[in-house]
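# Per-entry structural report
Single-letter residue listing:
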Amino acid sequence: MAAYLCPPAVIHGKHAVRTSQIVDEVRGRHPSSAWAPRIDGIAASTGIETRGWMLPLEAAVAPGSGSGLPAAGIGPAREALAGDGFTEQDVDRVITALEAIPAPQTVQERTAPAWSAVQSYGERAARGALQIAGLDAANVDCLITSHSTTPALPGLDVSLANRLPLRSDVLLLPATQWACIAGTRSLALAADLVAADPDRVVLVVIAEALSTTYQPADDTLESLIVRLLFADTAVAAVVTGRPRPESVLRLDAAWHHTLPGTQDLHRLETREDGTHFVMDRRGPRAVQETVTAMWEWLRLRYQDDPGSWHPDVLLAHPGGTRVLEYMEETMPDGWPSGLLRHSRDSYTSGNRGGAAVFDIMRRAYDAGQKAGSRAVLYAAAPGLTATALEGQWL
């Protein structure tokens, strides 16, 4: 399967949003919620103090351009009020009051600015990855893209094909629904593509504006956690079938796993006011099942050398600290400690979704990961589905 990966380019959201800002905004909006007395402890438990967003917090909490007047319009509202016995003067006062109430942002108002940012950030990441690899847009034979939180057709693939620009014969492979698994699964697909043609150059670009799931009106505990966790990031990397001077990681094998009957545990829902990320408290336990299955895959892969083989670095995006802790608790005996240090470091500035594994990989590279180090990359996503890769640092 050997595929060669150049260091990724990582573009963080330029707007630093502090956890204290989110806590103040949510507390002011939902002072009577059941979890309000615990909000400081909940926020502290995430371990995240600041995250980068492509758009400022003010953009997420701003009212829409419409009013609280029902969509039916002023005329039908007047008729309904008059028919219910309101005087003309009372009707005027009610209509005026309704018009003064700001309506929530619509799907278009929430998504359009974020989609524009995703394209811009994606282009910056793509250009950065090509520069790191010592290539230019004319060298790209295939482009794999993912952007789950900003639905668009055409998508990021076509946008980048025009922005970079790419050759007209480049194979475009958009994978907009991969979400948190985009990092590992895109690399697995890229490895298959270069295995079929070792001279092929594959560019992977993932740009996620997860802040679009920040929904001010939601008052559930799960919605609070979503608001505290997510960060916006664009990443990109070049994968080739032959080693290049810039290559830093060789990918040797891939593993995929999907749990049946878990498609409703975590999901995106599009409603009138935009995209909502719906969490289920059973999710971490299901993700842990995929971790257990991954350990078994690695055990079978190295069953002839069970006493000495272990990864030297584990680049894992499981979605939260609970699963990171589970991974550490269930690692085979004899594996060294600290394998997840770069994963934990990445998480302290937010959950980056599909961009996370590339960000974690970049941290390992910047820290001077030694040549010959054995690496395992892992991610799980709504579905519940997981992909892992195993390889060696060059």
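For the structure, see preceding data.
Since we're looking at a predicted model, the values are computed, not measured.

Attention now moves to the overall build of the chain. Helix and strand content of the chain: 13 helices and 14 strands. For the chain, the C-alpha radius of gyration of 23 Å lies close to 21 Å, the compact-globule estimate for 394 residues. By its C-alpha atoms, the chain is 85 × 50 × 35 Å across when sized along the principal axes. Nonlocal contacts in the chain, meaning residues at least 24 apart in sequence, comprise 81% of its contacts between residues at least 6 apart. With the model as given, the accessible surface of the chain reaches about 17,000 Å², and the carbon-plus-sulfur share is 51%. Charged side chains in the chain number 34 positive and 45 negative. The centres of these two groups are separated by 5 Å.

Tallied over the full model, the rule gives 19 salt bridges. A salt bridge links R163 to E123; its shortest N-O distance comes to 2.8 Å. Of this pair, R163 sits in helix α7 (residues 156-163) while E123 sits in helix α6 (residues 107-133); the two residues are 40 residues apart in sequence, bridging distant segments of the chain. Exposure remark for E123: the relative accessible area of 17% places this residue in the buried category. Residues R167 and D141 are paired through a salt bridge, measuring 2.9 Å at the closest nitrogen-oxygen approach. Of this pair, R167 sits in the loop between α7 and β6 (171-174) while D141 sits in the loop between α6 and β5 (142-146), and the two are 26 residues apart along the sequence. Within the structure, one salt-bridge network assembled from shared partners comprises D345, R352, D359 and R363.

Here E325 lies in helix α11 (residues 321-330). According to the relative accessible area criterion, E325 is partly exposed, its value standing at 38%. Sequence-wise, E325 and D273 are 52 residues apart; in three dimensions their C-alpha atoms are separated by 35 Å.

Quick look at the nonpolar core now. Nonpolar side chains in soluble globular proteins generally cluster together in the buried interior. Residues L187, V202, L249, M361 and L377 are the most contacted members of the largest nonpolar core, which totals 39 residues. Here this core gets seven residues from one element, more than from any other, and that element is helix α8 (residues 182-196). For L187, the contacting residues outside a window of four places in its chain are L5, V239, L251, F358, M361, L377 and L389. Among the nonpolar cores identified, the runner-up in size contains 32 residues, and I11, A114, W115 and L156 belong to it.

Here the focus is unusual backbone geometry. Of note, the amide linkage connecting L153 to P154 takes the cis form, showing an omega dihedral of 0°. Look at the link from G383 to L384: it is a cis peptide, with omega at -20°. Positive phi outside glycine occurs at A179, with the angle close to 55°. Position of A179 among the secondary structure elements: in the loop between β6 and α8. With a relative accessible area of 18%, A179 lands in the buried category.

Let's shift gears to the packing of aromatic side chains. For the structure on display, the rule yields six aromatic pairs. Ring centres of W295 and W335 lie 5.4 Å apart, and the angle between their planes is 85°; this geometry places the pair in the edge-to-face category. Taken together, the residues W295 in helix α10 (residues 283-301) and W335 in the loop between α11 and α12 (341-347) connect sequence positions 40 residues apart. Exposure remark for W295: the relative accessible area of 9% places this residue in the buried category. Look at W335 and you get buried, because its relative accessible area is 15%. Lying across the ring of Y121, R124 places its NZ or CZ 5.3 Å from the centre. Positioned above the aromatic ring of Y214, the side-chain terminus of R227 is 5.5 Å from the ring centre.

Time to look at the side chain of T184. Mapped onto the elements of the fold, T184 is located in helix α8. Judged by relative accessible area, T184 falls into the buried class, the value being 0%. Once residues within four sequence positions are removed from consideration, T184 is found in contact with V357, L377, Y378, A379, T387 and L389.

Bridge analysis of strand β1 (residues 3-5) against strand β9 (residues 249-258) gives three bridges, and the strand direction is antiparallel. From the neighbouring strand, A3 faces β9, where its bridge partner is L251.

Moving on, we get to the side chain of T19. Tracing the sequence through the fold places T19 in helix α1 (residues 19-29). Here the side chain of T19 touches I48 through a polar contact of 2.5 Å, landing on its backbone oxygen. Non-local contacts of T19, meaning those with residues more than four positions away in its chain, are made with A43, I48, E49, T50, R51 and L228.

Turning to the environment of H15, a few remarks are in order. With respect to the helices and strands, the residue H15 is situated in strand β3 (residues 15-18). Separated by 39 residues in the primary sequence, H15 and M54 place their C-alpha atoms 6.1 Å from one another. If we ignore the near neighbours within four places in the chain, the residues touching H15 are R51, G52, W53, M54, L55 and P56.

This next bit is on the packing of α8 against helix α13 (residues 356-366). The packing of two helices is summarised by the inter-axis angle and the distance between the axes. Where α8 contacts α13, the axes come no closer than 6 Å and their chain directions differ by 85°. Put simply, α8 runs roughly perpendicular to α13. Each of G183, T184, S186 and L187 in α8 lies in contact with α13, whose residues at this interface are V357, F358 and M361. Counted by class, the contact of α8 with α13 contains four nonpolar, three polar and no charged residues.

Definitions and cut-offs
- Residues numbered from 1 in each chain as written.
- Predicted model: local features only at pLDDT ≥ 70, side-chain atom pairs only at ≥ 80, totals over all residues.
- Heavy atoms only, no water.
- Helix = DSSP H or I, 4+ residues; strand = E, 2+ residues; numbered from the N terminus.
- Rg over C-alpha atoms; globule rule 2.2 N^0.38 Å.
- Contact = heavy atoms within 4.5 Å.
- Areas by Shrake-Rupley, 256 points an atom, 1.4 Å probe, with all protein chains shown as cover.
- Lys, Arg positive; Asp, Glu negative; His and termini not counted.
- Charge placed at Lys NZ, Arg CZ, Asp CG, Glu CD.
- Salt bridge = Lys/Arg side-chain N within 4 Å of Asp/Glu carboxyl O.
- Buried < 20%, exposed > 50% of the residue type's maximum accessible area, 1.4 Å probe, protein only.
- Core = buried A, V, L, I, M, F, W, Y, C linked by side-chain atoms within 4.5 Å.
- Phe/Tyr/Trp six-rings, centres within 6.5 Å; stacked < 30°, edge-to-face > 60°.
- Lys NZ or Arg CZ within 6 Å of the ring centre and 35° of its normal.
- Pairing = 2+ DSSP bridges.
- Polar contact = N/O pair within 3.5 Å; in protein donor to acceptor, adjacent residues only side chain to side chain.
- Axes fitted to C-alpha atoms, helices over the stretch in contact; angles between N-to-C directions.
- Parallel < 35°, antiparallel > 145°, perpendicular 65-115°, else oblique.
- Nonpolar A, V, L, I, M, F, W, Y, C, P; charged D, E, K, R; others polar.

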